[in-house]
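# Structural features, examined
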Amino acid sequence: MDKKKQDIAYFLSFCIEQYMKEKGVGRDETIAIMSDSGVLDYLAEHFEVLHTQSRQWIIEEIDEFIKERKESYK
């Protein structure tokens, strides 16, 4: 695995762990929420910008992304 892919994998893992702790949900539920909404792809695609942000900002960004996706499915 090249360095950038490894960095992205670590970042996604960090985001999953932090979101899980913030929301008080289990790992499987967190991964399901993120996978179903496409947020993992979004985080990986925008890694260069997002990984420089604070933990709280990333959590808020994830929440907003999931909210927008849910609204677009209505």
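In case you missed it, the structure is sitting above this.
Residues numbered from 1 in each chain as written. Predicted model: local features only at pLDDT ≥ 70, side-chain atom pairs only at ≥ 80, totals over all residues. Heavy atoms only, no water.

Next up on the list: the nonpolar core. Ranked by size, the top nonpolar core spans 18 residues in total, and within it F11, C15, Y19, M34, V39, L43 and I62 carry the most contacts. Counting residues per element, the ones that place at least two in this core are α1 (3-23), α3 (39-45), α4 (47-50) and α5 (55-72). The element best represented in this core is α1, accounting for six residues. (Core = buried A, V, L, I, M, F, W, Y, C linked by side-chain atoms within 4.5 Å. Buried < 20%, exposed > 50% of the residue type's maximum accessible area, 1.4 Å probe, protein only. Helix = DSSP H or I, 4+ residues; strand = E, 2+ residues; numbered from the N terminus.)

How two aromatic rings sit relative to each other is set out by the distance from centre to centre and by the angle between their planes. Summed over all chains, the structure comprises two aromatic pairs. Between F11 and F47 the ring centres are 5.6 Å apart and the planes differ by 70°, which places this aromatic pair in the edge-to-face class. Of the two residues, F11 is situated in helix α1 and F47 in helix α4; the sequence distance between them amounts to 36 residues. A single burial state applies to F11 and to F47, both of which are buried. (Phe/Tyr/Trp six-rings, centres within 6.5 Å; stacked < 30°, edge-to-face > 60°.)

Of all the residues in helix α2 (residues 27-37), the buried ones are T30, M34 and S37. When α2 is viewed along its axis, its buried side chains cluster within an angular range of 75° and face the same direction. Exposed residues lying more than 90 degrees from the buried face of α2 are D28 and D36. Check the buried side of α2 and you find it contacts α1, α3 and α5. In the stretch just after α2, G38 is the one whose phi turns positive, near 85°. (Arc of directions from axis to C-beta. Contact = heavy atoms within 4.5 Å.)

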